[in-house]
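Below, each chain spelled out in residue letters.
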Amino acid sequence: MRYLYYPGCSLKGTALEYDVSTRALMGELGAELVEIEDWTCCGASAAEATSYLLSLSLPACILARAEKMDDASQILVPCSACYTNLKKVEEKSRSYIELLNKINTVLQEENLHLQGKMKIRHLLDILARDIGPAKIFANLKSPLTGLNIAPYYGCQCLRPYSVFDDPEEPRSMEPVIEAVGAKIHPWDMGGRCCGASHMTTKPDVALELVATILKAAKGADAIVTVCPMCQMNLEAYQKKISGMSGEDLSMTILYLPQFLGLALGLSEQDLRMDLNLSITKAFRDKLNRTQISADIHR
Amino acid sequence: MNRLEKIESEQESETALAPVIDSLAPIRNMVSACIQCGTCTGSCPNAFAMDLTPRQLWYNVIREEKETIFHSKTFSLCSVCYYCTLRCPRGLPLTDAMSALKQIAAKENLAPYKKSVRFYKSFMESVRRHGRVREMEFMTLYFMAMKNPLLPFRFAPLGVKLISKGKVSVELPSKGSGTLEAIFRKVEELENS
């Protein structure tokens, strides 16, 4: 398996551990990732809030550069915001020729041209459908039996493009989490919104949304995410939200490839778990016990 | 005047909504088949904080009540979760309509949306300069644009944590290589023609 890889800006900065753990996990599973050369920003949620044409032109630059490389036709994207932005251009360039022409007028400035033949795939889609639970199980080295995991999908890997999961009641993460021996924490928060960039400009609103999610996760050992924005909102404000709510809402938040990587025998250093902002002592203790008992039974 | 000075000094227009009327027409078309059922409101995670519910907003868009629309916080509270778009029984592109309203607020620098407009523009300025966003630069530009000396302190604890983990590099705003300059300029040219 070979994919072009678009990490996006967050994965080079605040979500560095998502980049490192994605590469490590995919390597372990025998999938090759080829980073798109000279990639630029997809526009995040900011381009769309300022200019429609810019919000399509920025992802189009990336896709046009990917088409030049031409050795794989699928792009793996771990960030849900990047995924939606790139997917939007994939969809629109197929259906609206006039719009594609307009985008190409812009791209000409950089001597780029978009044909629209790239297929955009979210990391979760590839883990759930291309690789699948059976292959993950076959590579299992250290089962995470006894851990109770709350799968958090957020919005933009599910909506508006519902490619690999139900946009209202997502379940695609469950088989891959169960494949490594963990249990699913029953909740209905998987597809809820974390507030995204409201955390900076309208914190009162976003803190409210995250509080609801953290409260519903009580009883789980960790929440597992597939988006850098969700990850940051869930992990970085726990103290403040606990204070607001008058209860301890601290919770371990891991990226999905970090969690799966642990079960496949990758080290915490391989997965850069030193960069996470919230890994609780209770989680570490339980993880140690799980790993020790797995060693005994081996 | 460079673009940063422009983000800072652009006069927010309180009342000058005249040019908005034309740009409202395409948004009106997006929602003209609205049956006012309120599914969008019931699905919106941020409705609790809005002055107009999404349903009421569409009602005002259809009637072109620009004073009401652009004095309401509603569209700026959309966090682009796409629940309303998913569930709308008429299949209307409601999230796109919210974004189109944000684009007008950004273009016209409308005063009630100063915070989000300056936030988005600071982000885009950093992308325009370097091709990728530099988080430290983007937040610095935002603080400078907001001219509120207390604002950075709210972000300081998290900022220090991210810097100490090496997740954000300490880089002052700089001119950059202008990697995407030509793309940005062409978009502006096409949009203003």
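The rules behind each value
- Position numbers for residues count from 1 along each chain, tracking the sequence in the order it is written.
- Starting at A for chains and at 1 for ligands, labels are handed out in the order in which the entities are written.
- pLDDT decides what is reported in this predicted model: residues at 70 or higher carry local features, side-chain atom pairs at 80 or more are listed and counted, and totals for whole chains, interfaces and linings draw on all residues regardless.
- Note: domain ranges come from an automatic or database domain assignment.
- Helix axes are fitted to C-alpha atoms over the stretch in contact, other axes to C-alpha atoms as well, and angles between N-to-C directions run from 0 to 180 degrees.
- For the purposes of this entry, the term helix denotes a DSSP run of H or I that reaches at least four residues, the term strand denotes a run of E that reaches at least two, and both are numbered from the N terminus.
- Each angle is binned into one of four classes, with values under 35 degrees roughly parallel, values over 145 roughly antiparallel, values of 65 to 115 roughly perpendicular, and all other values oblique.
- Any two residues are considered in contact once their C-beta atoms, placed from the backbone, lie within 7 Å.
- As a working rule, the residues Ala, Val, Leu, Ile, Met, Phe, Trp, Tyr, Cys and Pro are called nonpolar, Asp, Glu, Lys and Arg charged, and the rest polar, with Gly in that last group.
- DSSP-based pairing: two strands are paired if at least 2 bridges between them are found.
- What a helix is expected to span follows from its residue count: subtract one and scale by 1.5 Å.
- Put simply, a residue is buried when 20 or more other C-beta atoms lie within 10 Å of its own C-beta and exposed when 12 or fewer do; between those, it is partly exposed, and each C-beta is set from the backbone.
- By the criterion used throughout, a crossover qualifies as right-handed when its path from the first strand across the helix to the second strand runs clockwise, the strands pointing away from the viewer.

Undergrad: Tell me about the domain arrangement of chain B, and please be specific about residues and values.
TA: Domain assignment breaks chain B into domain 1 (17-108) and domain 2 (113-192). Relative to domain 2 of chain B, the C-alpha centre of domain 1 of chain B lies at a distance of 27 Å.

Undergrad: Break down the packing of helix α2 (residues 52-69) of chain A against helix α4 (residues 97-107) of chain A for me, citing the residues and quoting the values.
TA: Residues and elements named next belong to chain A. Interaxial distance between α2 and α4 falls to 9 Å at its minimum, and their mutual angle equals 70°. One element, α2, and the other, α4, form an angle in the roughly perpendicular class. For the pair α2 and α4, the contacting residues are Leu-53, Leu-56, Ser-57, Ala-60, Cys-61 and Ala-64 in the first and Ile-103, Val-106 and Leu-107 in the second. Here the residues of the contact of α2 with α4 sort into 8 nonpolar, 1 polar and no charged.

Undergrad: Outline the sheet that holds strand β3 (residues 74-77) of chain A, listing residues and values.
TA: Residue and element names in this part refer to chain A. Strand order in the open sheet formed by 4 strands is β2-β1-β3-β4, with parallel pairing between adjacent strands. Because the sheet does not close on itself, it has two edges, and the strands there are β2 (32-35) and β4 (119-122). With strand direction ignored, the average angle separating the axes of adjacent strands in the sheet is 40°. Pairing of β3 with β4 involves 4 bridges; the strand directions are parallel. In the sheet register, Gln-74 faces β4, and the bridge partner there is Lys-119. On top of the sheet, helix α5 (residues 123-138) reaches β3 and β4; it is set at about 85° to β4, its chief contact.

Undergrad: Lay out α2(A) with the relevant residues and their values.
TA: End to end, α2(A) covers 27 Å across 18 residues, agreeing with the expected 26 Å (1.5 Å per residue, within 8%). With 13 of 18 residues buried, α2(A) is to be regarded as a mostly interior element.

Undergrad: Report on the interface of chain A and chain B, specifying residues and quantitative values.
TA: A common way to report how large an interface is uses the accessible area buried once the components associate. On the side of chain B, 43 residues touch chain A, which itself brings 40 residues to the contact. Elements with a contribution of two residues or more to the side of chain A that touches chain B: α2, α4, α7 (198-201) and α8 (203-216) of chain A. If you tally residues by element for the side of chain A that touches chain B, the top one is α2(A), at 5 residues.

Undergrad: Which residues make up the sheet that holds strand β5 (residues 148-151) of chain A, and what are the values?
TA: The strand order β6-β5-β7-β8 (chain A) describes an open sheet built from 4 strands, whose pairing is parallel. If you trace the sheet from one side to the other, it starts and ends with β6 (183-184) and β8 (252-255) of chain A, each paired once.

Undergrad: Can you tell me about unusual backbone geometry, naming the residues and giving the values?
TA: For the peptide bond that leads from A:Arg159 to A:Pro160, omega is 0°, which places it in the cis range. Position of A:Pro160 relative to the elements: it lies in the loop between β5 and α6 (173-179). Despite not being glycine, A:Asn111 has its phi angle at roughly 55°, a positive value. Looking at the element boundaries, A:Asn111 is found in the loop between α4 and β4. Looking at A:Asn111, the number of C-beta atoms within 10 Å reads 8, which means it is exposed. In this structure, B:Tyr82 is a non-glycine residue whose phi angle is positive, near 70°. Looking at the element boundaries, B:Tyr82 is found in the loop between α5 (66-69) and α6 (83-87).

Undergrad: Break down the pairing of β2(A) for me, with residues and values.
TA: All names here are of chain A. In this structure, strand β1 (residues 2-5) lies alongside β2, joined through 4 bridges in parallel fashion. What sits directly across from Tyr-3, in β2, is Leu-33. A crossover connection joins β1 to the parallel β2 through helix α1 (residues 16-28); in handedness this β-α-β unit is right-handed.

Undergrad: An account of the domain arrangement of chain A is needed here, citing residue identities and associated values.
TA: Residues and elements named next belong to chain A. Domain annotation for chain A reports domain 1 (2-122) and domain 2 (133-297). Between the C-alpha centres of domain 1 and domain 2 there is a distance of 25 Å. Across the contact, 23 residues belong to domain 1 and 27 residues belong to domain 2. Secondary-structure elements contributing two or more residues to the side of domain 1 that touches domain 2 are α1 and α3 (80-95). The leading source of residues in the side of domain 1 that touches domain 2 is α1, at 9 residues. Along the lines of polarity and charge, the residues of the side of domain 1 that touches domain 2 split into 11 nonpolar, 8 polar and 4 charged.

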